[in-house]
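Descriptive analysis of the structure
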Amino acid sequence: MSNQRVIHQADLRTIETNLGRLNHSVEHVYHYVMELQKKVKNTDQKLEKLSNDFYNYLQDKLKMEQLQLAETRLIRVRQMVEKEFGHYDEIRRRATGMIQAVETGVVRDEIVRNSTEELMIGAPKYWLAPCLVALSAWISDKRELAERALQEALKRDHEKTSLFFALVTRRTERVDASIQWLEHYFQLQDPFALDREVIILIDAFTNGIFVPGARKRCEQQMESWMNDISQMGGSNFLHDWVEVLQQFVPSSPQKSDYPYLEKHSPSWKQLDQSMREAKSHARILEFLTQVFTGDLQTVQKVKDAVDEILNRLVTGFDEEELSIREEDRRLSLIIASEGDREEAERKFNHEKAAWYQKFHFKDVLKTLVFSPQAITATKASQRFAIAFCKDWIKQAYQDFTAGNRKRFPTEVTLKIQGWEGKTRDGSNQEELLYLLFDYIEKQALKSKSYTKIKTKHYLIATISGCISLIGLGLSFFFPIGFLLFLLGLIGPAWLFITWMRSKRYYQRHIKQMKEDAKNKLLACLAEVVDWRREYEKEDKKSEEVVDYLANIQKEQYMQSAYDKVRAF
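Scoring rules and cut-offs
Residues numbered from 1 in each chain as written. Predicted model: local features only at pLDDT ≥ 70, side-chain atom pairs only at ≥ 80, totals over all residues. Heavy atoms only, no water. Helix = DSSP H or I, 4+ residues; strand = E, 2+ residues; numbered from the N terminus. Buried < 20%, exposed > 50% of the residue type's maximum accessible area, 1.4 Å probe, protein only. Contact = heavy atoms within 4.5 Å. Areas by Shrake-Rupley, 256 points an atom, 1.4 Å probe, with all protein chains shown as cover. Phe/Tyr/Trp six-rings, centres within 6.5 Å; stacked < 30°, edge-to-face > 60°. Expected span 1.5 Å × (residues − 1). Arc of directions from axis to C-beta. Salt bridge = Lys/Arg side-chain N within 4 Å of Asp/Glu carboxyl O. Core = buried A, V, L, I, M, F, W, Y, C linked by side-chain atoms within 4.5 Å. Pairing = 2+ DSSP bridges. Axes fitted to C-alpha atoms, helices over the stretch in contact; angles between N-to-C directions. Left-handed = near helix turned anticlockwise from the far one by under 90°. Nonpolar A, V, L, I, M, F, W, Y, C, P; charged D, E, K, R; others polar. pLDDT = per-residue confidence, 0-100. Parallel < 35°, antiparallel > 145°, perpendicular 65-115°, else oblique. Patch = residues over 30% accessible without salt bridge, like charges linked within 9 Å, V, L, I, M, F, W, Y side chains within 5 Å.

Remarks on the overall build of the protein chain
Assigned secondary structure in the protein chain consists of 25 helices and 2 strands. Counting only residues that meet the buried cut, the protein chain has 42% of its 568 residues in that class. Put simply, 77% of the contacts in the protein chain that link residues at least 6 apart link residues at least 24 apart. A total accessible area of about 32300 Å² is found for the protein chain, and carbon and sulfur atoms account for 53% of it.

Examining the packing of aromatic side chains
Two aromatic rings are characterised by how far apart their centres lie and by the angle between their planes. If you walk through the whole model with that rule in mind, you get 18 aromatic pairs. Arranged with centres 5.2 Å apart and planes meeting at 85 degrees, the rings of F164 and F165 form a pair that is edge-to-face. Per residue, the accessibility class of F164 equals that of F165, and both read buried. Put simply, the rings of W241, F248, F287, F370 and W392 touch in pairs and so form one group of aromatic residues.

A short note on helix α19 (residues 429–446)
If you check α19, its first and last C-alpha atoms are 26 Å apart, about what 18 residues at 1.5 Å a residue would give, namely 26 Å. Within α19, burial applies to L432, L433, L436, I440 and A444. For α19, the buried positions fall inside an angular range of 100 degrees around the axis, keeping them on one side. Of the residues in α19, the exposed ones pointing more than 90 degrees away from the buried face are E430, Y434 and K446.

Considerations on the pattern of salt bridges
Scanning all chains against the criterion turns up 20 salt bridges. The residue K279 makes a salt bridge to E534 at a minimum N-O spacing of 3.4 Å. Note that K279 is positioned in helix α12 (residues 268–291) and E534 in helix α23 (residues 490–539), a separation of 255 residues in sequence. The partly exposed category is assigned to K279, whose relative accessible area is 27%. Sharing partners across several salt bridges, the network here consists of D240, K362, D363 and K366.

Some words on the nonpolar core
Within the largest apolar cluster, 79 residues are counted, with the highest numbers of intra-cluster contacts made by F164, L167 and F361. Of all the elements, helix α8 (residues 198–206) adds the most residues to this core, at 7 residues. In contact with L167, other than residues within four places in its own chain, are I200, A204, F210, V306, I309, L310 and L313. Counting 23 residues, the second largest nonpolar core, distinct from the first, contains Y258, L261, L432 and L436.

Here's the deal with helix α4 (residues 128–139)
An ideal rise of 1.5 Å per residue puts 16 Å on 12 residues; α4 measures up with 16 Å between its terminal C-alpha atoms. Burial analysis of α4 places 10 of its 12 residues in the buried class, the great majority of the element. Residues of α4 that are buried: L128, A129, P130, C131, L132, V133, A134, L135, S136 and A137. Downstream of α4 by a residue or two, D141 has a phi angle that is positive, lying close to 60 degrees.

Here we look at the pairing of strand β2 (residues 419–423)
Judged by which residues are buried, β2 turns out to be one-sided: W419, G421 and T423 face inward and are buried, whereas E420 and K422, on the alternate face, are not. In textbook terms, the turn of a hairpin is the stretch between consecutive antiparallel strands, and for strand β1 (residues 412–416) and β2 this stretch comprises 2 residues, one of which, Q417, has a positive phi near 50 degrees.

Regarding the packing of α4 against helix α6 (residues 158–171)
Helix packing geometry: the angle between the two helix axes and the distance between the axes. Where α4 meets α6, the closest approach of the two axes is 11 Å, and the angle between their N-to-C directions is 35 degrees. Helix-helix and strand crossings are classified by hand; for α4 and α6 the assignment is right-handed. Touching L128, C131, L132, A134, L135 and W138 of α4 are T161, F164, F165 and V168, all from α6. Counted by class, the contact of α4 with α6 contains 9 nonpolar, 1 polar and no charged residues.

Overview of the confidence of the model for the protein chain
Averaged over all residues, the pLDDT of the protein chain is 76; the fraction at 70 or higher stands at 68%. Note on residues 1–10: pLDDT is under 50 here. Beyond four places in sequence and across chains, it has 3 contacts. This model gives residues 561–568 a pLDDT under 50, and the stretch forms 24 contacts once residues within four places in sequence are excluded.

What to know about the environment of C389
Along the chain, C389 turns up in the loop between α17 (379–388) and α18 (390–406). Overall, C389 belongs to the buried group, its relative accessible area being 1%. Residues C389 and E223, 166 residues apart in the sequence, show an inter-C-alpha distance of 9.6 Å. Leave out the neighbours within four places in its chain, and C389 touches M226, W241, L365 and V369.

Re the pairing of β1
Burial analysis of β1 places 4 of its 5 residues in the buried class, which makes it a mostly covered element. Note: β1 against β2, 5 bridges, orientation antiparallel. Each bridged residue has a counterpart across the sheet, and for I416 the counterpart in β2 is W419.

With respect to unusual backbone geometry
Notably, Q417 is not glycine yet its phi reads approximately 50 degrees, a positive angle. Topologically, Q417 is positioned in the loop between β1 and β2.

Focus: the packing of α8 against helix α16 (residues 361–370)
Where α8 contacts α16, the axes come no closer than 11 Å and their chain directions differ by 60 degrees. The angle between the axes of α8 and α16 places the two elements in the oblique class. Relative to α16, α8 is oriented so that their crossing is right-handed. Listed contacts from α16 to V198, I199 and I202 of α8 are F361, V364 and L368. Of the residues assigned to the contact of α8 with α16, the class counts are 6 nonpolar, no polar and no charged.

Examining the side chain of H360
For H360, the position within the fold is in the loop between α15 (341–350) and α16. Leaving out residues up to four positions away in the same chain, H360 has contacts with P191, F192 and I229.

Side note on a nonpolar patch on the surface
Taken together, the side chains of F54, Y57 and L58 present a nonpolar region at the surface, about 330 Å² in accessible area. One can find L58 in helix α2 (residues 13–104). Judged by relative accessible area, L58 falls into the partly exposed class, the value being 39%.

Details of the side chain of S381
Within the element layout of this structure, S381 appears in helix α17. Filtering out sequence-adjacent residues up to four positions away, S381 remains in contact with I202, D203, T206, N207 and L368.

As for the environment of K406
Among the secondary structure elements, K406 is positioned in helix α18. A residue is classified by how much of its surface remains accessible, and K406, at 74% relative accessible area, is exposed. Considering only alpha carbons, one finds K406 and S274, 132 residues apart in sequence, at a separation of 9.6 Å.

The structure is reproduced here in structure tokens:
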């Protein structure tokens, strides 16, 4: 009877109930930790958004400060221009007006002569003042004064003076004199160090102002310059043209069309760059289409056309004004870019050739093609420049395209949960899934928190086992020994339950990790397929650009209307 009472007292239901409660508490803690993990993740996302918003705020504030500073400096720069070169503007304003006034006969020769002499005194270094004196003396048939003034003008600026009189004599229909002045101008030029006025010459040439003989001479001279540059420039003489084509590469969008690749591919920067470079073909084609689409604004009278070109010649600033005018342009670009100094600097770099004191003929053509507004060239000149050097453009474009394709990523690297794999076109999906799952399982086995029982569990189980063995031995002599035997089994039982719970947790965790990794991998592979499809579509547009260039003929873009219609 006493033995039965001992067995009754050793009922294990209370222990099982407590172990069940303990297991429930562990499950509750697990769910609490998972919920806490979600909250931490949400907090991280909010902090990241706050950081981005704060960064954007600082950028906007910096741009506003740069904008205000540029506006203030621009006012000061233009005041300086007015102070130092305002008298030049006065002479420039009178130049074409004087020619028209003398022609119409509404102003007496004496008034014109006195006016030009005053300008000569007021601008002791400016080339245009003696030009106007020479022109006035020529009109008044004062040969000696005209020659002296002409010599002084040539001394001050030989090239501009030559081109000025080439245009003036063309305006007055003195064809032979115009050709002689033009020939004189060409003799002064070096294709590797041309004067800025060559832009004016090309505009006059492409707008059909010169007579056929002079126009032919201009074309021959430019072809000679091109041949000299091609022969002496070497294989890399179009390297800077390739750099200019980079301006057609769009910037990275704020929101990517491939979010999984952006997040899980170490190759993303290369992928993004290649896609943007491929999209540049469409932008280059659009640029060419816009240049050659639409009618040109032309005038019907040769005198009006020459006056327009003359006005550009005389109103263009001189070399001594370059530095301050360059600063004016930089500040204007910052204002136009709404304070984005980096964007303004990129725009300025594209037209930097326009601020050289001496031009390489290659740079002249490059600026005419890509940045005609920087040198106030006409659209007719831009069309002619593209047609004239289309072989150069085609070569530079092919080098640009080849360089882009060379950087094309043949394999895309994917990184998910520490695992890395590679794919070319997403076709090795099954292989990647196998490698990914194998990696996850191996990593999980290495993780003590998921697959291994801690040392304390073994220690407690060992001690409890020893107590159970002692109790078993004492049970043969004392009834209390059986109770110790049963109590000692609690440790091994706890170890077993902990092991089973760890195994279930491990299996659940592995399943969740595999499912999450699988979804990310499949999404990445789908985006790889879409990315390659879009890339091939955009890259194929390069053929359209080459075909468009091939159909351009320079003879189509040299106007000759004034040879047929001479309306005065």
